[in-house]
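Descriptive structure summary
As a plain string of letters, each chain reads:
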Amino acid sequence: MIRHISIDHFKSFRHIETSLANFSILVGPNNSGKSNFKRALMFLRALASGSSVIEGLKGACDTIFNVVYQEEDNKYDNIEFNLEIALNKPSKKIYHYSISIKEENEDFIIDSEKLFLSDEGQEEKQLILENKKGITKFIPFGKTDWSDATFDIKKLAIFQLNDVNLHTYFIELRKFLSFMWFFDFDPEAMKAKATYEPGRILYHPFGLNIAGTLYDIQQNHPEAFKAIKSRFSDIISEIIDIDIIKRDEDNSLTLLFIEKGKAKPFVPFNVSDGVLRTLGIITAILSPISPPLMFLEEVDKGIHFRRVRDIVSLLQSKIGTSDTKQMQVILTTHNPYLLDLIQPEQLIILERYKGETFMKRLSDMKDKMEIIRPSLEEGTPLGEIWFRGTLGGVPPT
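Structural notes, computed from the coordinates. (Residues numbered from 1 in each chain as written. Predicted model: local features only at pLDDT ≥ 70, side-chain atom pairs only at ≥ 80, totals over all residues. Heavy atoms only, no water.)

1. Concerning the pairing of strand 15 (residues 328-332)
Along strand 15, five of the five residues are buried, which leaves the element largely enclosed by surrounding structure. On strand 15, burial covers both faces: Q328, I330 and T332 on one face and V329 and L331 on the other are all buried. Of the strand pairs in this sheet, strand 3 (residues 23-27) and strand 15 are connected by four bridges, and their pairing is parallel. Along strand 15, the bridge assignment pairs S24 with I330. (Buried < 20%, exposed > 50% of the residue type's maximum accessible area, 1.4 Å probe, protein only. Helix = DSSP H or I, 4+ residues; strand = E, 2+ residues; numbered from the N terminus. Pairing = 2+ DSSP bridges.)

2. A closer look at the side chain of N36
Relative to the assigned elements, N36 resides in helix 1 (residues 34-48). One polar contact links N36 to S12, side chain to side chain, over a distance of 3.0 Å. Once residues lying within four places of it in the same chain are set aside, the contact partners of N36 are F10, K11, S12, F13 and R352. (Polar contact = N/O pair within 3.5 Å; in protein donor to acceptor, adjacent residues only side chain to side chain. Contact = heavy atoms within 4.5 Å.)

3. With respect to unusual backbone geometry
The phi angle at H9 is positive, at roughly 60°, despite the residue not being glycine. Inspection of the secondary structure puts H9 in strand 1 (residues 2-10). Judged by relative accessible area, H9 falls into the buried class, the value being 11%. Of note, the phi angle at E298 is positive, near 45°, even though the residue is not glycine. Along the chain, E298 falls in the loop between strand 14 (293-296) and helix 9 (305-319).

4. Quick notes on helix 6 (residues 210-220)
The buried count for helix 6 comes to eight of eleven residues, which makes it a mostly enclosed element. Within the span of helix 6, buried status applies to I210, A211, G212, T213, L214, Y215, D216 and I217. Those residues of helix 6 that are buried lie in contact with helix 5 (187-191), strand 11 (194-195), helix 7 (222-235), strand 12 (239-247), strand 13 (252-259) and helix 8 (273-285).

5. Some remarks on the sheet that holds strand 13
Backbone hydrogen bonds hold the strands of a sheet together, and the pairing may be parallel or antiparallel. Pairing within the open sheet is antiparallel, and its three strands lie in the order 11-13-12. Of all the strands in the sheet, just strand 11 and strand 12 have a single pairing partner and so form its edges. As paired elements, strand 11 and strand 13 share two bridges and run antiparallel to each other. Looking at strand 13, one finds that T195 is bridged to S252. Sheet strands touched by helix 6: strand 11, strand 12 and strand 13. Its angle to strand 12, the strand with the most contacts, is close to 95°. Seen against the sheet, helix 7 touches strand 12 and strand 13 and runs at an angle of roughly 140° to strand 12. (Axes fitted to C-alpha atoms, helices over the stretch in contact; angles between N-to-C directions.)

6. Concerning the packing of aromatic side chains
What the rule picks out here adds up to 14 aromatic pairs. Residues F305 and Y337 carry aromatic rings whose centres are separated by 5.5 Å and whose planes lie at 45° to one another, so their mutual orientation is tilted. Highlighted residues: F305 in helix 9 and Y337 in helix 10 (residues 336-339), separated in sequence by 32 residues. Given the relative accessible area of 52%, Y337 is considered exposed. Grouped by ring-pair contacts, the aromatic residues F179, W181, F183, F185 and Y203 constitute a single cluster. Residue placement shows K137 over the ring face of W146; its charged tip is 4.8 Å from the ring centre. (Phe/Tyr/Trp six-rings, centres within 6.5 Å; stacked < 30°, edge-to-face > 60°. Lys NZ or Arg CZ within 6 Å of the ring centre and 35° of its normal.)

7. A short note on the packing of helix 7 against helix 8
It is the contact of helix 7 with helix 8, at a shortest axis distance of 10 Å, that shows an interaxial angle of 140°. As judged from the angle between their axes, helix 7 and helix 8 are oblique. At the point where helix 7 passes helix 8, the crossing takes the right-handed sense. Residue-level inspection shows I228, R231, F232 and I235 of helix 7 in contact with helix 8, the latter providing V275, T278, L279, I282 and T283. Each residue belonging to the contact of helix 7 with helix 8 can be placed in one class, and the counts come to six nonpolar, two polar and one charged. (Parallel < 35°, antiparallel > 145°, perpendicular 65-115°, else oblique. Left-handed = near helix turned anticlockwise from the far one by under 90°. Nonpolar A, V, L, I, M, F, W, Y, C, P; charged D, E, K, R; others polar.)

8. Some details on the environment of K191
Relative to the helices and strands, K191 is located in helix 5. On the basis of relative accessibility, which here comes to 14%, the residue K191 falls in the buried class. Separated by 155 residues in the primary sequence, K191 and Q346 place their C-alpha atoms 34 Å from one another. With near-sequence residues (within four places) excluded, K191 lies in contact with P268, F269, D273 and L276.

9. Side note on the environment of A211
Tracing the chain through its elements places A211 in helix 6. Sequence spacing of A211 and L256 is 45 residues, and the spatial spacing of their C-alpha atoms is 9.2 Å.

Structure, rendered in structure tokens:
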């Protein structure tokens, strides 16, 4: 899991730094920077997947314009990321990874890249990779001496080190970053025509081809499909079953909802947006494949709070309580009731002032914690405290 992250000069982030729990909720007014935090992680995923910097920015931000934070003197500094990542397996190491990206001649390059390793509970860190504009030195796995290489300056060095025997740590880190999932389920996308691609479980960020994803799970992971159906019917009690019909002529798929007391099933166009979003979220949570990190934007959008509460409970049971568990979850919301389900260390507050985003975990805001501790001890819900404006992260009145 990502334990700590700092981001400099990316979008609305001049400098933000925060710790992350295994389950975190981001709150803040519209345009405060929640989506920019997601874009930053998506950008890292794209780079770790082999994209050039330009490709990664276009994929995460849809553009390469206005991605570098502009200082008041109109200067542009390097985009920088610093991450502390704990991986439970196979190495059980703590990764301290930094990237600096420079805008140069209307293009972007990897200006520098470093990777340190440490053991749990140990302050001493070992440098195992240093990349300066493509000139890279690194220590191969199981070795003590440095090796040298020259790489494409528009791509990460960790992506270009591919020997499974010698580059274990780099591949491990790359797998973590490249396998993060991001969702903002769009009912209209979920209603679009679906097809089956054998052997591929496709998790689209907007839920496109959800019928294809479910059909693949049904065919190749029947127990997982059974669990998805069961949990979906528990939460949406009016729907007693779902099914997928495949046409062999063109591999097209039709998703069907069987409602209690109705003889004929319904297609996605005849169920509510909230039902479709709930199905997408449950499918992602109970997938036979678990990502190391799942980011769900506005998890409560269009869904009744009692059902959101059940979804959050399912997420919390999936990740457990230890930060050595494989899946980390980050949610965004505007719903104060959702905050009643978490602890202060799981709440991250964002605000924006004069174009700059400020982002902090509540438990790290000592002054705020001193103010609210008596209220929390008296049983005042955390969501109510946030809604009052005591913690910040709300629109001005």
